[in-house]
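# Structure assessment
The chain contents come next:
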2 protein chains.
Amino acid sequence: MKDERLNRSVATKITQLIDEGIFPSGSRLPGERDLAEQFGVSRATIREAEITLQALGRLKIKTGSGVYVMKASDAKYGGIPAASAFELTQARLLFESEAAALAASVIGKEALDHLEYLVEKMALSSGDEADAADREFHLTVAAASENTVVRYIIETLWKIRNESGAVKDVYDSECEKYTAQRGDEHAEILDALRKHDSAAARTAMRNHFGRLMEAMLEVSEEQTYNEMRKKSVETRERFLKSV
Amino acid sequence: MKDERLNRSVATKITQLIDEGIFPSGSRLPGERDLAEQFGVSRATIREAEITLQALGRLKIKTGSGVYVMKASDAKYGGIPAASAFELTQARLLFESEAAALAASVIGKEALDHLEYLVEKMALSSGDEADAADREFHLTVAAASENTVVRYIIETLWKIRNESGAVKDVYDSECEKYTAQRGDEHAEILDALRKHDSAAARTAMRNHFGRLMEAMLEVSEEQTYNEMRKKSVETRERFLKSV
DNA sequence: ATACGGCATTGGTCATACCAAATAACACGA
DNA sequence: TCGTGTTATTTGGTATGACCAATGCCGTAT
């Protein structure tokens, strides 16, 4: 540990204690005053260390209550916003459609061939492999726009998907079901790009995400239904218990 | 900004100053003692805010020297790519137009009032002040979309502008000349949003950036005059084809 | 012109005090 | 007995003020 600054070394020490299980995930660690005494440093230093770890997503500081070890599942990515699957899909619908429209006017043979290969690959594979091909398909379209910023933004959108555990789960469950349909939609997009038809490419991409959103809404309704059902069962049990 | 903890709100304020270009990338910001006085808080609070931003990769603290704004290229996830002013403007044209269209359907009175205030402010002020109002106008529209991801993307686009010296220069020189026109364009956008007319909002925003791109291309042509003129025309065709 | 050394600046740490939020403890009334 | 509202304690949040250590500037001496 060659951390010169004390607050740094304290931060790494606390990190070690967490990793070693001394401070279990979700548990509350000693108060700042206690820790200061144990580590033999001032309370200010302890605070700075804890604040660092909070910014890194390892700790959660609750005013008046204490500081807790962040559960791994809740880990948040620095700078990436907490987004729902709906929000992300809506944003992708808007932005990727425009990216596709832009790409249609300038896309070259090389990119088109690669997209064709990816569409085939998606049809023949499944699971993670198909997912990777899907991702590459969209990124290839974005790259074909020949606009660095556009490509960067689309990449960022994908990053948001992967960094958000909740969003990823929803997407995964959706993709499983509609594999065939997804293939058709990608083929449609590819066709429009081949014809250098911007309007058609935009429409095809919008349809692609539009259908995904509808599917998600259905699931949402299903979940709502299940929750209501569960709640009614609970109510019923409570009622029976009191009788 | 409803960060209840002071150190948090200070951190976000500093972040804003960085994003707005007041603390340029790579520059050194005032000493902790000065900042404490400026913000009207204690030095400890300033330290905690700076430590947070350091952990997030936005600042670099050097003992005995000062604290510096982290260059974007050193940022965590793949740095902002070298983008030209053309690319950025084109991306903004595509994406901000869609954001405006989305916002039109759900924008509320509060946001509309704020936008009106900003349009007036832009008309009455100039230079940095007008620039800040311009930025806030676009970010307010994005926020009005009520989609976290959309807002985040628009913010990212603005960040790219500030972190790319070349792009910033081009924009500044353009904005100087077309102050009046810019006001009209913003007013048009605001009108469309008031009527909750998505299509009109999209069109108004596209015109806004479309005119900006043409202005930039004109300057580009002037500058490169003879030989580069041909290339300029090609670029122009390529960028405007999709519009 | 260069190398050395002192000095001002700036971050790093400590100690103490007080405030506000969250929580635990307790006394009270239905 | 069971809430329930009040009080006391714990815990984080902020403010001061002091001193240390690294850095960088600048004037001096070689």
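This write-up is about the structure you can find in this document. Just so it is clear, the model here is predicted, and its values are computed rather than measured.

Rules used throughout
Each chain has its residues counted from 1, running along the sequence as written. For naming, the first written chain is A and the first written ligand is 1, with later ones following in the order written. Whole-chain, interface and lining totals are the exception, using all residues; otherwise, since this is a predicted model, local features are given only for residues with pLDDT of at least 70 and side-chain atom pairs are given and counted only at 80 or more. The basis for the side-chain values is all heavy atoms of the structure; hydrogens and waters are excluded. Residues are classed as near a molecule or strand on a simple rule: at least one heavy atom within 4 Å of it. A 3.5 Å cut-off defines polar contacts: any pair of N or O atoms within that distance qualifies, except that in protein one atom must be a possible hydrogen donor and the other a possible acceptor, and neighbouring residues in sequence count only when both atoms are side-chain atoms. Elements are defined by DSSP. Helices are runs of H or I of four residues or more, strands are runs of E of two residues or more, and each kind is numbered from the N terminus. Gly is put with the polar residues, along with every residue not named as nonpolar or charged; the nonpolar set is Ala, Val, Leu, Ile, Met, Phe, Trp, Tyr, Cys and Pro, and the charged set is Asp, Glu, Lys and Arg. Residues belong to one nonpolar core when they are buried, are Ala, Val, Leu, Ile, Met, Phe, Trp, Tyr or Cys, and are joined through side-chain atoms within 4.5 Å. Exposed residues in this analysis have more than 50% of their type's maximum accessible area, buried residues have under 20%, and partly exposed residues fall in between, with area computed by a 1.4 Å probe over protein chains only. Any pair of residues with heavy atoms lying within 4.5 Å of one another is described as a contacting pair. Here a strand pair is declared whenever DSSP counts at least two bridges between the two strands. Lines fitted to C-alpha atoms define the axes here, with helix axes fitted over just the stretch in contact, and angles between the N-to-C directions of these axes take values from 0 to 180 degrees. Oblique is the label for any angle not covered by the other classes, which are roughly parallel (under 35 degrees), roughly antiparallel (over 145) and roughly perpendicular (65 to 115). Take the far helix as your reference; a near helix turned counterclockwise from it by less than a right angle gives a left-handed crossing, and one turned clockwise gives a right-handed crossing.

A separate point is the protein's contact with DNA strand D. Near DNA strand D you find 24 residues, and of these Arg-43 and Arg-47 of chain A together with Leu-6, Ser-42 and Thr-45 of chain B are the closest. Counting only the atoms of DNA strand D within 4 Å of the protein, the fraction contributed by sugar and phosphate is 66%. A distance of 2.8 Å separates a base nitrogen of DNA strand D from a polar side-chain atom of Arg-43 of chain A. Every element with two or more residues in the surface near DNA strand D is listed here: helix 2 (32–39), helix 3 (43–55), strand 2 (59–62) and strand 3 (66–69) of chain A together with helix 1 (6–19) and helix 3 (43–55) of chain B. Partitioned by chemical class, the residues of the surface near DNA strand D number four nonpolar, eleven polar and nine charged.

Core analysis: the biggest nonpolar cluster contains 86 residues, and Leu-193 of chain A together with Leu-193 of chain B have the highest contact counts within it. Contact partners of Leu-193 of chain B, with chain neighbours within four places excluded, come to Ala-100, Ala-103, Ala-104, Ile-107, Leu-112, Leu-115, Val-141 and Ala-201 of chain B. With 34 residues, the next largest nonpolar core counts Phe-23, Val-41 and Ile-61 of chain A together with Ile-61 of chain B among its residues.

A separate point is the sheet that holds strand 3 (residues 66–69) of chain B. Residue and element names in this part refer to chain B. With respect to topology, three strands assemble into an open sheet ordered 1-3-2, the strand pairing being antiparallel. Every interior strand has two partners, whereas the edge strands, strand 1 (28–29) and strand 2 (59–62), have only one. Taken together, the two bridges between strand 1 and strand 3 define a ladder with antiparallel strand orientation. Within strand 3, the position partnered with Arg-28 by the bridge is Tyr-68. Docked against the sheet, helix 3 engages strand 1, strand 2 and strand 3, running at close to 120° with respect to strand 2.

Turning to the side chain of Thr-156 of chain B, a few remarks are in order. Assignment of secondary structure puts Thr-156 of chain B in helix 7 (residues 148–163). The contacts of Thr-156 of chain B, once residues within four sequence positions are left out, are Tyr-152 and Ile-153 of chain A.

Bringing the packing of helix 1 of chain B against helix 3 of chain B into the picture now. Residues and elements named next belong to chain B. Interhelical geometry of helix 1 versus helix 3 gives an angle of 60° and a closest axis separation of 8 Å. Taken as axis vectors, helix 1 and helix 3 run oblique relative to one another. Both helix 1 and helix 3 take part in a crossing whose hand is right-handed. When helix 1 is examined against helix 3, the residues Leu-6, Asn-7, Arg-8, Val-10, Ala-11, Ile-14 and Thr-15 are found in contact with a partner set consisting of Thr-45, Ile-46, Glu-48, Ala-49, Thr-52 and Leu-53. Counted by class, the contact of helix 1 with helix 3 contains seven nonpolar, four polar and two charged residues.

Just geometry here; none of it tells us what the structure is for.
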